[in-house]
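# Structural overview for review
Spelled out, the chains give:
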Amino acid sequence: MRFFRSRQKVDAKLPADASAARVPEGVLVHAIGDVHGRLDLLSELLGRIADDVALRDPSEHRIVLLGDLIDRGPDSAGVVELCATYDWRESRPDFVIGNHEELMLNVLDGDPSGIRFWIDNGGDATLRSYGLPPDIIDQGTAEQIMAALSARVPAHHIRFLHALCDYLTIGDYWFVHAGIRPGLPLARQKPKDLRWIRGAFLDHAEPHGGIVVHGHTISPEVDAQPNRIGIDTGAYETGRLTALGLWNTERWHLQTGR
Ligand SMILES: [Mn+2]
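Quick notes on the rules
- Residues numbered from 1 in each chain as written.
- Predicted model: local features only at pLDDT ≥ 70, side-chain atom pairs only at ≥ 80, totals over all residues.
- Heavy atoms only, no water.
- Disulfide = S-S within 2.5 Å.
- Buried < 20%, exposed > 50% of the residue type's maximum accessible area, 1.4 Å probe, protein only.
- Helix = DSSP H or I, 4+ residues; strand = E, 2+ residues; numbered from the N terminus.
- Core = buried A, V, L, I, M, F, W, Y, C linked by side-chain atoms within 4.5 Å.
- Contact = heavy atoms within 4.5 Å.
- Lys, Arg positive; Asp, Glu negative; His and termini not counted.
- Salt bridge = Lys/Arg side-chain N within 4 Å of Asp/Glu carboxyl O.
- Polar contact = N/O pair within 3.5 Å; in protein donor to acceptor, adjacent residues only side chain to side chain.
- Pairing = 2+ DSSP bridges.
- Axes fitted to C-alpha atoms, helices over the stretch in contact; angles between N-to-C directions.
- Phe/Tyr/Trp six-rings, centres within 6.5 Å; stacked < 30°, edge-to-face > 60°.
- Donors = N, O, S within 2.8 Å, 3.2 Å for Na, K, Ca; no water.

An unreviewed UniProt entry lists the protein under the name Metallophosphoesterase, with Sphingomonas donggukensis as the source organism.

Turning our eyes to something else, we now look at the state of the cysteines. A covalent bond bridging the sulfur atoms of two cysteines is what the word disulfide describes. Here the structure, examined in full by the defined rule, presents zero disulfides. Here Cys83 stays unpaired: no disulfide links it, and the sulfur of Cys165, its closest cysteine neighbor, is 13 Å away. Cys83 gets classed as buried once you look at its relative accessible area, which sits at 3%.

All right, on to unusual backbone geometry then. With a phi angle near 50°, Asp57 is a residue other than glycine that sits in the positive phi range. Relative to the assigned elements, Asp57 resides in the loop between helix 2 (39-56) and strand 2 (60-65). Asp57 gets classed as exposed once you look at its relative accessible area, which sits at 63%.

Turning our attention to the nonpolar core. Of all hydrophobic cores here, the largest spans 48 residues; its most connected members are Ile32, Leu42, Ile49, Leu65 and Leu149. Sorting elements by how many residues they give to this core places helix 2 first, with six residues. Among residues more than four places away in sequence, those in contact with Ile49 are His30, Ile32, His61, Ile63, Ala243 and Leu254. Grouped together as the second largest cluster of nonpolar side chains are 18 residues, Ala21, Val27, Val96 and Ile170 included.

Once that is clear, we can look at the side chain of Asp71. Note on placement: Asp71 falls in the loop between strand 2 and helix 3 (76-85). Buried charged residue Asp71 carries no salt bridge. Nearest counter-charge: Arg72, at 6.9 Å. Within the structure, Asp71 has its side chain in polar contact with the side chain of Thr126 (distance 2.4 Å). Asp71 has contacts with His36, Gly37, Ser76, His100, Trp118, Asn121, Gly122, Gly123 and Thr126, leaving out every residue within four places of it along the chain.

As summarised here, the arrangement of the five strands in space is 3-2-1-9-10, forming an open sheet in which the pairing is mixed. One side of each edge strand has no neighbouring strand; the edge strands of this open sheet are strand 3 (91-95) and strand 10 (250-255). If you compare each strand with its neighbour and ignore which way they point, the axes differ by 20° on average. On the sheet, helix 2 packs against strand 1 (27-32), strand 2, strand 9 (242-247) and strand 10 and is oriented at approximately 165° with respect to strand 1.

Considering all chains together, one arrives at four aromatic pairs under this definition. On the basis of an interplanar angle of 65° and a centroid distance of 4.5 Å, the ring pair of Tyr86 and Trp88 is categorised as edge-to-face. On the basis of relative accessible area, Tyr86 is assigned to the partly exposed category, the value being 34%. Here Phe117 and Trp196 contribute two aromatic rings whose centre-to-centre distance is 6.3 Å and whose plane-to-plane angle is 40°, an arrangement assigned as tilted.

Attention now moves to the pairing of strand 9. In terms of burial, strand 9 is largely enclosed, as six of its six residues are buried. Covered by surrounding structure in strand 9 are Thr242, Leu244 and Leu246 together with Ala243, Gly245 and Trp247, the residues of both alternating faces. By the bridge criterion, five bridges tie strand 1 to strand 9 in an arrangement that is antiparallel. By the bridge assignment for strand 9, Ile32 is matched with Ala243. A loop of two residues connects strand 9 with strand 10, the two strands running antiparallel in sequence, and Asn248 in this loop sits at a positive phi of about 50°.

This part is about the environment of Arg92. Mapped onto the secondary structure, Arg92 falls in strand 3. Arg92 gets classed as partly exposed once you look at its relative accessible area, which sits at 41%. In this structure, Arg92 is in contact with His61, Arg62 and Ile63, ignoring residues within four places of it in sequence. Here the side chain of Arg92 touches Asp94 through a polar contact of 3.1 Å, side chain to side chain.

Here we come to the coordination of the manganese ion. Taken together, Asp68 (OD), Asn99 (OD1), His177 (NE2) and His216 (ND1) make up the protein donors of the manganese ion, found 2.1 to 2.2 Å from the metal. Read N to C, the donor residues that coordinate the manganese ion are spaced as D-x30-N-x77-H-x38-H. Of this pair, Asn99 sits in helix 4 (residues 99-108) while His216 sits in the loop between strand 6 (211-214) and strand 7 (223-224), and the two are 117 residues apart along the sequence. Across the pair, His216 and Asn99 agree in class, each one buried.

In structure tokens form, the structure reads like this:
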């Protein structure tokens, strides 16, 4: 109990009744789950979000992408290009880093050690989307792949990837890629947990101090729990990309393919 109270002191202010969790008045939020190279679905979903914004007429609109923009699906390069260059108009986008962006950044930053792990976990699709020849992807040395990738990824993509954030908060909601380590304040979370955690977070039923909105772990439908909301609906294979909408204490979701 003492532990729980001290956490509350650090991270403040969630109402006792989690269903009363809210975003600030006049602020409309859409959080988008793991895109994984599905440029087609992201484009469709952004269109639906624009309709939602027109309907609500907010004083402020925020879009949070929860990471894993890349890998597995067919057009990671196109997704990064869209996110980096999209005309967001009055909307403010924020981009949270996922474990897949971490793997790509490690390679771009010159660390060859994780390259086979990345390729085996869907990085091959990202390399293809940037135009690397199949024989280099399949048989190239780590150095050859790194050189070929660095030569093909535009500078503005690299700047975009380096600017991704570890987490952000809006009102009573915390936005992260994978989850958080229960019992630690948000500001003391390790990047490894924020980007990779599963069981210790997913199985934790006690309040965190904020409602954690996350991706990373696929569920067929939105996984809404009292202390967290998972919105990775496996878009790259299901065709279902999910956006969670937040307005005052209201929550709803928009999905492609519906
Ligand atoms: Mn992930």
